[in-house]
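Breakdown of the fold
Below, each chain spelled out in residue letters.
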Amino acid sequence: VEHDFIVSHTQDLETKVDSLKDAVDSMESEKLMLCDQLGQNASKMSSLQSDYDDLHNSFKELNLKAGIMNDEKCNLLSLLDDANDAVEESNAKVSKLLSESEELKDELRVIIHE
């Protein structure tokens, strides 16, 4: 009887050990799957970081170009102001010459009538 009990108990223990081995194998398999997913996620994260860095560099380059274009716009506006000032100065000289011409005409008329 005692022998039967030991055999039965030993078989129960072996069944439990087999069950535990299966559970450990299952956990190992799940661990490997999670490690694989972690590696894939790390690769995706690295790719996203690279894409972000590329976009960030493109943004910095566009910002620099926008600054250069703004400087060029300011230079063009300054040139336009200078040209406008020159036109106004030229118009003033033309007006002065027209006025002097009218005065000379008036003087000639007086001389001619005398």
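See the structure shown above.
So, here's what we can say about the structure.

Rules used in this analysis
- Residues numbered from 1 in each chain as written.
- Predicted model: local features only at pLDDT ≥ 70, side-chain atom pairs only at ≥ 80, totals over all residues.
- Heavy atoms only, no water.
- Helix = DSSP H or I, 4+ residues; strand = E, 2+ residues; numbered from the N terminus.
- Rg over C-alpha atoms; globule rule 2.2 N^0.38 Å.
- Lys, Arg positive; Asp, Glu negative; His and termini not counted.
- Charge placed at Lys NZ, Arg CZ, Asp CG, Glu CD.
- Patch = residues over 30% accessible without salt bridge, like charges linked within 9 Å, V, L, I, M, F, W, Y side chains within 5 Å.
- Areas by Shrake-Rupley, 256 points an atom, 1.4 Å probe, with all protein chains shown as cover.
- Salt bridge = Lys/Arg side-chain N within 4 Å of Asp/Glu carboxyl O.

This part is about the overall build of the chain. Regarding its fold elements, the chain presents one helix and zero strands. Whereas a compact globule of 114 residues would reach a radius of gyration of roughly 13 Å, the chain reaches 48 Å, over 25% beyond that. Expressed along its principal axes, the backbone C-alpha trace of the chain runs to roughly 165 × 15 × 10 Å. Looking at the chain, you have 11 positive and 27 negative side-chain charges, and the mean spots of the two groups are 6 Å apart.

Now for a negative patch on the surface. On the surface, a cluster of negative charge is contributed by Glu14, Asp18, Asp22, Asp25 and Glu28. When you line up the elements, Asp25 lands in helix 1 (residues 2-113).

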